[in-house]
Amino acid sequence: MTDKFISIEGISKRFPAAGGGTTTVFEDLWLGMERGTFTCVIGHSGCGKTTVLNVLAGLDRPSDGAVIVDNQSIEGPSLDRAVIFQSHALLPWLTVMGNVAYAVASKWRRWSRAQVEEHAQRFIALVGLSGAERKRPAELSGGMKQRVGIARALSIEPKILLMDEPFSALDALTRGTLQDEVRRICQETGQTVFMITHDVDEAIYLADRIVLMTNGPQAVLAEIVDNPLPADRARDDVHKHPLYYAVRNHVVDFLVTRSKSYTDADKAALDRRNPPIVRPGAPEPAIVSGESASPSWPGLSRPSTSHAG
Amino acid sequence: MTRSLTFRAAIVSILLFAAFVLVWHLATRGSGATVAMDPEYAKLMGATATTGKSAMPGPLDVGATVWGHLKDPFYDRGTNDKGLGIQLGWSILRVTIGYLLAVLVAIPIGFLIGMSPLMSKALDPFIQVLKPISPLAWMPLALYTIKDSGLSAVFVIFICSLWPMLVNTAFGVASVRKEWINVARTLEVGTLRRIFTVLLPAAAPTILTGMRISIGIAWLVIVAAEMLVGGTGIGYFVWNEWNNLSITNVITAILVIGVVGMILDQLLARATRAVTFPE
C-alpha cells in the first residue's frame, strides 16, 4: 500500500528500566524514504538514532511497529541492506581484499574465487585503495579503514546503504575527502542512503532530507528538513550558497534549543504519521514572520564570507 | 659501543650458569668426616661413609650421566632399565593422546558455552565443581573403571587439560566483538560459516592461550601420574631411580623434564603468535 521505498511505520523501542517499569527511547516513529534519496538523521546522543538504524539493518527489533522495505517487512538482517559501521568493523585477521571478498562471497555463494576477487577488486578501486589489497587493517590509517568499510558495503550492491556516523572517528581533512567520495558514489549508483551524523555541515552537504529528532527518552521525530540546496552542489562553494546558512541556522537552532524544549504539548500536537516538512529559506510564513523587513532568506543577513577569494 | 640486548642477556645467563655450576662443584667436592670401620661393612656403606665423599653428585657426575643417556637414549634392557628416550617417548605419547582428546572435547563445548547464554549458565555449576579437582584424585576412579594403568594416565591428562581450554574457549568466543558478529549477520552468514570465519579466528588467540596453559599442566601432571601407575614413562623413571638411590639419574631426569616442558610450551607459544592478529 505504500508508495515509499522504505517506510518506517510507528516503531517504538522500550527497555526495562532499572527500578522496574520501562524506559521509552522513542515511540510511534513514522518516516518514509523514496528510492535514491539520501536521508540524514540528526539528534543528540540517546535519542535512539542508532536504534532506528539497527532496526533498519535488521540487527535490532522494534518493541512495536514495523519497517517495510520494497513492500516487504524487515524480519532480520539482509544482504539488500548494507551497513557501514562507525568503527569500520573490519575483520583484523583478513586483508583488505579478504574483508571485501568475504562480503562478496557471502552474497554470491556460488562464485569462483577468481570471480569474487575480481568483483571485490572493482570496489577496492572505487574507493581508491588499489595497491593496498594485501594489507591488513592494522597497517591502514583510519580513513583507509573506513574506505574498506565503504567498499565492503558497496560491493554487495545493496538496495539501501545504512551508515552510523561513518566519518565521526576521522580527522577533518579525511572526513571531507570521504564525504566527497560517498556523495559521488551514491550519485553514480543511485543508492538509497540512511545516515546518522552529528555534523550539521556534513548533513547539509550530503543529504536530500535531514530528519531532526528531539532528545530522548521519549524522543520524537520533530520535523523533516527538505534540503533546498541544488543537487549538483560542490564542496568548495556549497557554503556560499545563499540558502546554506538558512538551513544551517535552522538545524543548529533545533539542536541547541528546540530539541530540548520540545514539550509534551508539542508532542501531542505532532502528527506523527506526517511530520512537518520544513524548507528553510523558502518564502514560508513560519520562518520569516515576526522579522520586520528581513530578506526572504536569512542567509543574506550574515556577513559575506566570499569576498576574500 | 653497546651490543644488542639479547647478546648482553646471553652473556649474563652464561655467567650465572657458570657460577651455579662452580658453586655446585665446590659444595659437593668436599669430604666429610670418615669413620674407621670393618672393611666388609665399609663395602656396604659405600663411598660416602668410607672416604667422606658427598652423597650429592657433582656437576661432573651429572654431566657424565647426561652424556651417557644422550649417547644411547633408546636401549631396552628389561622392565626397569630402559633408555631415557624410550621413557620420554611414553610420557609424550600419553600427554599427546590425552591432550588431543581434551582438545576435541573442550573446544566444541567451549564454543557451545560461548555462543549460548543458556548453556553457559546451565553448565557453569558443573565446571565450577569439576575444575578445582586435582587430576590425580581421579586416578583411583580411572584405575577402577578403565582397568588399565596406561589408559588411566591418559585419562588423567585428558581431565587436567580439559578445563583451561574449555574456560578459555568459552571466554574467547563470548567476548568476540559484537560488531564483527554484526558484520556477519548483515551479510546473512549462516551459523556454521560464522563459527569458522568470524568466531574461530577472533577467539583463536584466547583459545591457544588456554591450550598453552593446558599443555603446561599436562606435562606437570604426567610425571606425578606415572609415579603412581608405574611401568614406563619419565615419571616412573624418576621414582625408579629414587628407589635405586641414583641421585645422578634423578637430577638428569629433572633436567630433561624441564627441557621437554619448555619445548612443548614454545611450540604452543609459536602457534599462538601465528594466530594473533594486530588490531
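Residues numbered from 1 in each chain as written. Chains lettered and ligands numbered in written order. Predicted model: local features only at pLDDT ≥ 70, side-chain atom pairs only at ≥ 80, totals over all residues. Heavy atoms only, no water.

## So, unusual backbone geometry
Residue and element names in this part refer to chain A.
- Phi at Asp28 takes a positive value of approximately 50°, unusual for a residue other than glycine.
- With respect to the element layout, Asp28 can be found in strand β2 (residues 22–33).
- In the Ramachandran plot, His88 falls in the positive-phi region, its phi being about 60° despite a non-glycine side chain.
- Taking the relative accessible area as the measure of exposure, His88 reaches 24% and is therefore partly exposed. (Helix = DSSP H or I, 4+ residues; strand = E, 2+ residues; numbered from the N terminus. Buried < 20%, exposed > 50% of the residue type's maximum accessible area, 1.4 Å probe, protein only.)

## Brief notes about the domain arrangement of chain A
All names here are of chain A.
- Domain annotation for chain A reports domain 1 (35–53 + 163–301) and domain 2 (81–157).
- Distance from the C-alpha centre of domain 1 to the C-alpha centre of domain 2: 30 Å.
- Taken residue by residue, the interface counts 16 residues in domain 1 and twelve residues in domain 2.
- Our count for the domain 1 to domain 2 interface comes out at one salt bridge. (Domains from an automatic or database assignment. Contact = heavy atoms within 4.5 Å. Salt bridge = Lys/Arg side-chain N within 4 Å of Asp/Glu carboxyl O.)

## Thoughts on the UniProt feature "domain: ABC transmembrane type-1" (unreviewed entry) in chain B
- On the UniProt side, "domain: ABC transmembrane type-1" (unreviewed entry) is annotated at positions that read residues 88–268 of chain B here.
- Counting secondary structure, residues 88–268 of chain B comes out at 86% helix and 0% strand; the distance between its end C-alpha atoms is 19 Å. (UniProt positions renumbered as here; feature names shortened; annotations may be inferred.)

## Some thoughts on the nonpolar core
- Grouped together as the largest cluster of nonpolar side chains are 151 residues, with contacts concentrated most on Ile8, Phe38, Val67, Leu161, Phe194 and Ile210 of chain A together with Met211 of chain B.
- Of the residues that make up this core, three or more belong to each of domain 1 (35–53 + 163–301) and domain 2 (81–157) of chain A. (Core = buried A, V, L, I, M, F, W, Y, C linked by side-chain atoms within 4.5 Å.)

## Section: the sheet that holds strand β11 (residues 277–278) of chain A
Residues and elements named next belong to chain A.
- The sheet built from seven strands is open, its strands ordered β6-β7-β8-β3-β9-β10-β11 with mixed pairing. Strands at the two margins of the open sheet, each flanked by one partner only, are β6 (81–84) and β11.
- Bridging between β6 and strand β7 (residues 160–164) involves four bridges; their strand directions are parallel. Within the sheet, the bridge partner assigned to Val83 lies in β7 and is Leu162.
- Against the sheet, helix α1 (residues 49–57) contacts β3 (38–42), β6, β7 and β8 (192–197), and its axis sits at roughly 155° relative to β8. (Pairing = 2+ DSSP bridges. Axes fitted to C-alpha atoms, helices over the stretch in contact; angles between N-to-C directions.)

## Comments concerning the environment of Arg233 of chain A
Residues and elements named next belong to chain A.
- Looking at the element boundaries, Arg233 is found in the loop between β10 (221–226) and α7 (244–261).
- Residues Arg233 and Thr37, spaced 196 residues apart in sequence, show a C-alpha to C-alpha distance of 15 Å.
- Ignoring any residue separated from it by four or fewer positions in sequence, one finds Arg233 in contact with Arg183, Ile204, Tyr205, Leu206, Ala207, Asp208, Asn227 and Val238.
- Separated by 3.4 Å, the side chain of Arg233 and the backbone oxygen of Ile204 make a polar contact.
- Within the local environment of Arg233, its side chain forms a polar contact with the backbone oxygen of Leu229, the two atoms lying 3.4 Å apart. (Polar contact = N/O pair within 3.5 Å; in protein donor to acceptor, adjacent residues only side chain to side chain.)

## Focus: the environment of Gly172 of chain B
- Turning to its location among the elements, Gly172 of chain B is positioned in helix α8 (residues 149–174).
- It is 25 Å that separates the C-alpha atoms of Gly172 of chain B and Gly261 of chain B, two residues lying 89 residues apart in sequence.

## Description of the interface of chain B and chain A
- The partner chain A presents 22 residues to the 18 residues of chain B that form the contact.
- A per-residue breakdown of the area chain B buries against chain A is headed by Thr186, Leu187 and Glu188 of chain B, which together make up 32% of the total.
- At the boundary of chain B with chain A, the tally comes to zero salt bridges.
- There are seven residue pairs in polar contact (both at pLDDT 80 or more) connecting chain B and chain A.
- Among the secondary structure elements, those contributing two or more residues to the side of chain B that touches chain A are α9 (178–186) and α10 (191–229) of chain B.
- A total of seven residues in the side of chain B that touches chain A trace back to one element, the largest contributor, which is α9 of chain B. (Buried area = accessible area lost by both parts, 1.4 Å probe.)

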